[in-house]
Amino acid sequence: MIAHLQGKLVEKNPTEVIIDCNGVGYHVNISLHTYSLLPNSDAIKLFTYLQIKEDSHTLFGFVEKSEREIFKMLLSVSGIGASIARTMLSSLEPKQIIQAIASADVNTIQKIKGIGGKTAQRVILDLKDKVLKLYDLDEISMIQNNTNKDEALSALEVLGFVRKSSERVVEKIVKENPEATVESIIKLALKNL
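All of these numbers come straight from a predicted model, not from anything done at the bench.

Here is what the cut-offs are and how they apply
Along each chain, residue indices are assigned from 1 in the same order as the chain's sequence is written. pLDDT decides what is reported in this predicted model: residues at 70 or higher carry local features, side-chain atom pairs at 80 or more are listed and counted, and totals for whole chains, interfaces and linings draw on all residues regardless. Values reported for side chains reflect all heavy atoms of the structure, with hydrogen atoms and water molecules removed beforehand. Helix numbering and strand numbering both begin at the N terminus, where a helix is a DSSP run of H or I of at least 4 residues and a strand a DSSP run of E of at least 2. Here's how the labels work: a residue is buried when its accessible area is under 20% of the maximum for its type, exposed when over 50%, partly exposed in between, all with a 1.4 Å probe on protein chains only. Each helix should span, by expectation, one fewer than its residue count multiplied by 1.5 Å. The arc in question is the one traced by the directions running from the helix axis out to the C-beta atoms. Between two residues, a contact is recorded if the distance between any of their heavy atoms is within 4.5 Å. Per-residue confidence from the predictor is given as pLDDT, running between 0 and 100. One side-chain nitrogen of Lys or Arg within 4 Å of one carboxyl oxygen of Asp or Glu is enough to make a salt bridge.

Asks: Help me understand unusual backbone geometry in this model?
Replies: Peptide bonds are trans in most cases, and residues, glycine excluded, mostly fall at negative phi. You will see that Asn 22, though not glycine, has its phi angle at about 50°, which is positive. By the secondary structure assignment, Asn 22 is in the loop between strand S2 (16–21) and strand S3 (24–29). A relative accessible area of 84% means that Asn 22 is categorised as exposed. For Ala 104, which is not glycine, the phi dihedral falls at a positive 55°. In this fold, Ala 104 is placed in the loop between helix H4 (94–102) and helix H5 (106–110). Residue Ala 104 is classed as partly exposed on the basis of its relative accessible area of 37%.

Structural data, given as structure tokens:
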């Protein structure tokens, strides 16, 4: 019904924003992922999803269209409501959710607050085919490499290396060895730092 809102950002906090569209203020629920992508300017455009229930009309907003599509996919799973879908998108990057579903990674999904083992399995069972149809395998393996890269960077940071210099080295390693595991990225990075 309401596909997007474009207007002036009047108020923002990590879970909601208020957008003024020609004098009408819309209260929009957002995920932490969307919050992190909000522009610093007043002008804003959010892709929206309107949930209509007997007792409420709730508007959810997303900076990226792809995040909205993942949100809608998650809502199609029995046992996942709008608040849990929003929590999922706040806990993990949309790419990480896609990766977890595509690779049937129950543990990653189960780590999200409010999701138990059975629900995590249902998410994977219901959405794996859809995810594999919508996103090609190269895209999913690229996401996997990014996850490996992020984990390697975090480990190097814990070991006391400066993130900026580590990023350059790790980026080079991932380009040269796209299939590298987290361990091999760290070992190669330690030799080059």
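Asks: What should I look at first to understand helix H8 (residues 163–176) in this one?
Replies: Three or four residues apart is the spacing at which side chains of an α-helix point the same way, because the helix has 3.6 residues per turn. A rise of 1.5 Å per residue sets the reference length of H8, with its 14 residues, at 20 Å; its end C-alpha atoms lie 20 Å apart and thus fit the reference within 8%. Considered for burial, the residues of H8 that qualify are Ser 166, Val 169, Val 170, Ile 173 and Val 174. Projection of H8 onto a plane perpendicular to its axis shows the buried side chains occupying an angular sector of 135°, all on one side. For H8, the exposed residues set more than 90 degrees away from the buried face come down to Lys 164, Arg 168, Lys 172, Lys 175 and Glu 176.

Asks: I keep staring at the side chain of Thr 58 and nothing clicks. Help me out?
Replies: Tracing the sequence through the fold places Thr 58 in strand S5 (residues 57–62). For Thr 58, the contacting residues outside a window of four places in its chain are Asn 29, Tyr 49, Leu 50 and Gln 51.

Asks: Any chance you could explain the confidence of the model for the protein here in plain terms?
Replies: A low pLDDT means the predicted coordinates there should not be read in detail. In this model, the protein carries a mean pLDDT of 86, and residues with pLDDT of at least 70 account for 94%. Model confidence for the protein, summarised as mean pLDDT per element, is weakest for helix H7 (residues 137–158) at 69 and strongest for S3 at 96.

Asks: Quick question: what am I supposed to make of the pattern of salt bridges here?
Replies: It is possible for side chains of opposite charge to pair when their charged atoms get near one another. Here the structure, examined in full by the defined rule, presents two salt bridges. With a closest N to O distance of 3.5 Å, Glu 69 and Arg 68 form a salt bridge. Residues Glu 69 and Lys 72 are paired through a salt bridge, measuring 3.9 Å at the closest nitrogen-oxygen approach. Of this pair, Glu 69 and Lys 72 both sit in helix H2 (residues 65–75), three residues apart, which is roughly one turn of the helix. Since its relative accessible area comes to 34%, Glu 69 is described here as partly exposed. A cluster of three or more residues bridged by salt bridges with shared partners is formed by Arg 68, Glu 69 and Lys 72.

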